[in-house]
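In case you want the letters, here they are:
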Amino acid sequence: MHLFFNFVLKKSILGIALLVIIAGFFIAQIPNFQLDASSDSLVLEGDENLAFYQRIKKNYGSDNYLVISYQVKGNLLDPQQLIHLAKFKQDLQKIEQVNTVTSILDVPLFRSPPISLASLANKTVTIENGNANLALALNEFKTSPLYANNLVSKDGKTTALLISLKDNQKFKKLRDKRSQMRLDRSRNRLDAGQLAQLKSIEKQVFYNAAAQSQQQAQTIAKIRTQIHKYSDKASLFLGGLPMITTDIVNYISSDLVVFSLAVVGLMTLILALIFKGLRWVVMPIAISITGALIMTGLLAFLEWKVTVISSNFFSLLLVMTLSVIIHLIVRYRELSQLNPELDSETLIKNTLTQMFKPCLFTTLTTFAAFSSLLISGIRPVIDFGWMMSIGVTIALILSFLAFPMIMSLLPKAKIAAHKTELGFTTTLANFVQRFGNYLIVVLIALVIASSIGINKLSVENRFIDYFKASTEINQGLTLIDQKLGGTIPLEIVFEGLAQDYWFDEDLREEIHEVHSYLDSLDETGKVLSIDTLMQLLIQINNGNTPNGFFLNIIRGQIPQSAKQHVLTPYISEDSGQLRMVVRIHETNKELKRAELIDKINHHITNELGFRSDSFRLSGMLVLYNNMLQSLFESQIKTIAVVFGMIFIMFLFIFKSISLSILALIPNTLPSLFILGIMGWANIPLDLMTITISAIAIGIGVDNAIHYIHRFKSEFKKDGDYTKTMYRSHASIGLAMFYTSITVALGFLMLALSNFIPSIYFGVFTAIAMLSALLANLTLLPKLILMVKPKI
């Protein structure tokens, strides 16, 4: 490496010019950088349930619509209130991408005034048509099997406007084809030509999705403008999956910019306080920012979208690059104080030579930790593993190139006499020597407590809890969930029953039992099915159930305006399917998705007698649950693999089984503590918190490698384990302390986010940093003093 470092120092100007060109190229790609918070990023790629769900959407239409809750204090059907609602609806319909707006004004009424079965075909009663009895209409909205707790709340004070957006059919077909080919790929059914075709389709979807997302964001912004305009006479909130995905992208974008700037500002302040020199502040910050920007540009160049999971990659790369630079700076300053007679070039070379191996090893172990995410089976988690593995590699290369180049162009740094030890680290060394045995007892107790906490871990989290209660998205989802029949859709599709339904009275009764059972569950809100039409017909027929003969006549007489609400969404004679749509209460704190799905499956099969292969559960609830259940399995696999990989790395680095085991033991603690705290605090695993264990382990082993590498170097001086510990704490312990505190405080800035997963990510990563620091400055040296491994 001496030859390489000599070359770098002699060609500093050329090297910096090349770095500027390379950095400029990738930074120029950043305008193409994309964020993805679509439902695609919340489901398992290759999930067969996803393919079935997409077929259902193709048959019955998408559930991808916007909802505006419209809440009044007085009478919802007051004429002036209806005029206000009508104007609001008209202005919404003028928005270019809005396809239809459904409201209480235009839905068909059957009891306001009451109409007979014979009148169904030629009489459509709506408020908008002016032929509805408003006094009767309010009662119908509050009691109708179709509208109550769905379009209108039970108290009659809140209604919903359902907004369907115009579909880009070409994009839709392209995305459906991509999903089917991905499923075939997961089954190894694609040949080389088809794999190339899939890659081409994915590229087309990537570019089209960006345009679709931008268009959707503009449409939602226009809708919000109208909401603000009409908020004078009603309390209005926007909900629906398109709004949620758009807002998540906005939150992530805000966090990327605001908190990256906040982290940079905080790190600048801390570096200024620690090193008290302009070059020791500007240089590490500049290198860290450059590394993060290069990685951002690389992601854009590779057409790699950042999801909710990987949204904090920028902050992570900032602090990881900074960590390498701080170790170089601390060592340079130590050597400069110990050898003031050395010239700048020699000091730089000695710094690079002494720090290259530990920094290389720490990068390799961090690479291994993030690479463990590749086995998760969840595409966004796998992508995050790749991103960070590449990112830490860029951080190492950039640090060991930019640091010597910049330092060689600057005059030799004047290092004022300063303490090369820190009171805190020296105190820890004293503590280890005097109370090390008590420390082990305390840590064993903490491990037991953490293990109990881990047994309490779950993956059952509520999507609504991703957002602070003060945010519009949380307030809107809560209102819709509590007043308008729930939010998350669950679908139950019965195969081969559509034709028989109209003629088989027993089948109609069985479907009614299923409908009633679903309606009785605490977790469910509104249930809609073909049985809803039956209940309406019973009301219209003065409480009498129409027989099969009349049903066949009636279904032909139902006007098209009513069919789209009560018939076509729930029965398809072409496919032979009956479909039930159940909305689940996300605000129910007792909601356990997996248990609910199993309970419904069991009841329909064992209590109601349907064959297990005659029906299937689908919808976003099922897809999201599949992803959550995969998370738990993934977490176990990830932790097992990462420890195995790191142990192998330790054997390669330390060439000692005993030292490798000693280094590994303390670094199990951060992940144990984090998972234990999450279990005790009832914080479930989700798409972001699953990555924290890998990060905790990767960060922890960095400290272990630096400490043991310095310990081995210091041990050669006198062969005394205790004295070596004190010297190691006073030297490398200083750099470990500076990097850990800087990084931990940087991540704590994420606690100010409106996006709860970002808050958890920031807080738990900070805890990981600090616990890894303490473990490697207390337990690791204590184990070395106890075992006295061959150094």
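To keep things clear, this report deals only with the structure shown in the data block. (Residues numbered from 1 in each chain as written. Predicted model: local features only at pLDDT ≥ 70, side-chain atom pairs only at ≥ 80, totals over all residues. Heavy atoms only, no water.)

Notes on the nonpolar core
- In this structure, F141 and F494 are the most contacted members of the largest nonpolar core, which totals 236 residues.
- Tallying contributions element by element places helix α10 (residues 313–338) first for this core, with 16 residues.
- Non-local contacts of F494, meaning those with residues more than four positions away in its chain, are made with I511, V514, G576, Q577, L578, M580, I604, F610, S614 and F615. (Core = buried A, V, L, I, M, F, W, Y, C linked by side-chain atoms within 4.5 Å. Buried < 20%, exposed > 50% of the residue type's maximum accessible area, 1.4 Å probe, protein only. Helix = DSSP H or I, 4+ residues; strand = E, 2+ residues; numbered from the N terminus. Contact = heavy atoms within 4.5 Å.)

Here's the deal with the pattern of salt bridges
- Here the structure, examined in full by the defined rule, presents 17 salt bridges.
- Notably, a salt bridge pairs K349 with E345, separated by 4.0 Å at the nearest N-O pair. Here E345 and K349 lie together in helix α11 (residues 344–371), a separation of 4 residues that amounts to about one turn.
- By relative accessible area, E345 is classed as partly exposed at 37%.
- It is possible to trace a salt-bridge network through shared partners that takes in E714, K717, D718 and R727. (Salt bridge = Lys/Arg side-chain N within 4 Å of Asp/Glu carboxyl O.)

Description of the layout of surface pockets
- Roughly 630 Å³ of internal volume is contained in the second largest pocket.
- Lining the second largest pocket are 30 residues, with E460, R462, D465, N682 and P684 sitting closest to its centre.
- Those elements giving two or more residues to the lining of the second largest pocket turn out to be α14 (472–483), α20 (593–607), α23 (669–680) and α27 (756–777).
- Split into classes, the residues belonging to the lining of the second largest pocket amount to 12 nonpolar, 8 polar and 10 charged. (1 Å grid on protein atoms, 1.4 Å probe; cavity = no way out; pocket = protein on both sides within 12 Å on 5 of 7 lines; lining within 4 Å. Points joined across faces, edges and corners; volume = space filled by probe spheres on them. Nonpolar A, V, L, I, M, F, W, Y, C, P; charged D, E, K, R; others polar.)

As for a negative patch on the surface
- Together, D500, D504, E505, D506, E509, E510 and E513 line one region of the surface with negative charge.
- In terms of residues, the negative patch owes the most to one element, helix α16 (residues 505–520), which gives 5 residues.
- By the secondary structure assignment, D500 is in helix α15 (residues 498–501). (Patch = residues over 30% accessible without salt bridge, like charges linked within 9 Å, V, L, I, M, F, W, Y side chains within 5 Å. Areas by Shrake-Rupley, 256 points an atom, 1.4 Å probe, with all protein chains shown as cover. Lys, Arg positive; Asp, Glu negative; His and termini not counted. Charge placed at Lys NZ, Arg CZ, Asp CG, Glu CD.)

Describing the packing of aromatic side chains
- Under the counting rule described, the total for this entry stands at 28 aromatic pairs.
- For the ring pair F25 and F26, a centre distance of 5.1 Å and an interplane angle of 75 degrees mean the geometry is edge-to-face.
- An angle of 40 degrees between the planes, with centres 5.1 Å apart, marks the rings of F88 and Y230 as tilted. Linking F88 in helix α4 (residues 79–93) with Y230 in the loop between α7 (192–229) and β4 (235–239), this pair joins segments that are 142 residues apart in sequence.
- On the accessibility criterion, F88 (0% relative accessible area) is buried.
- Three or more aromatic residues joined by ring pairs form one cluster here, namely F275, F424, F737 and Y738.
- Geometry around W280 places R279 over its ring, the cationic atom sitting 5.7 Å from the centre.
- One Lys or Arg, R616, reaches over the ring of F52 and ends 4.5 Å from the middle of that ring. (Phe/Tyr/Trp six-rings, centres within 6.5 Å; stacked < 30°, edge-to-face > 60°. Lys NZ or Arg CZ within 6 Å of the ring centre and 35° of its normal.)

Some remarks on empty space enclosed by the protein
- By the definition in use, this model includes 4 cavities of 30 Å³ or more.
- Its volume calculated, the largest cavity comes out at about 260 Å³.
- Lining the largest cavity are 20 residues, with M320, S323, V324, T366 and D702 positioned closest to its centre.
- Elements with a minimum of two residues in the lining of the largest cavity: α10, α11, α12 (379–409), α24 (692–718) and α26 (732–748).
- Looking at the lining of the largest cavity element by element, the count peaks at 5 residues for α10.
- Considered class by class, the residues forming the lining of the largest cavity number 10 nonpolar, 9 polar and 1 charged.

Some thoughts on helix α3 (residues 48–60)
- Taking 1.5 Å per residue as the helical rise, α3 with its 13 residues ought to reach 18 Å, and the 19 Å between its terminal C-alpha atoms agrees with that figure.
- Taken as a whole, α3 has its buried residues at N49, L50, A51, F52, Y53, Q54, I56, K57 and Y60.
- In the stretch just after α3, G61 is the one whose phi turns positive, near 100 degrees. (Expected span 1.5 Å × (residues − 1).)

Observations concerning unusual backbone geometry
- Looking along the chain, the bond that leaves S112 and enters P113 is cis, with omega of 5 degrees.
- On the secondary structure map, P113 appears in the loop between β2 (98–102) and α5 (134–143).
- Residue N149 is not a glycine yet carries a positive backbone phi of 60 degrees.
- Considering the arrangement of structural elements, one finds N149 in the loop between α5 and β3 (158–165).
- Among the residues examined, N149 registers a relative accessible area of 15% and is labelled buried.

Considering the sheet that holds strand β1 (residues 66–71)
- Read across the open sheet, the 4 strands follow the order β2-β3-β1-β4; overall the sheet is antiparallel. Looking along the sheet, the strands with just one partner apiece sit at the ends: β2 and β4. For this sheet the average axis-to-axis angle between neighbouring strands, irrespective of direction, equals 20 degrees.
- Inspection of the sheet shows β2 paired to β3 by 4 bridges, in the antiparallel sense. Looking across to β3, one finds that T100 is bridged to S164.
- Packed onto the sheet, α4 meets β1, β2, β3 and β4 and runs at close to 160 degrees relative to β1.
- With respect to the sheet, α14 is in contact with β1, β3 and β4, its orientation differing from that of β4 by roughly 95 degrees. (Pairing = 2+ DSSP bridges. Axes fitted to C-alpha atoms, helices over the stretch in contact; angles between N-to-C directions.)

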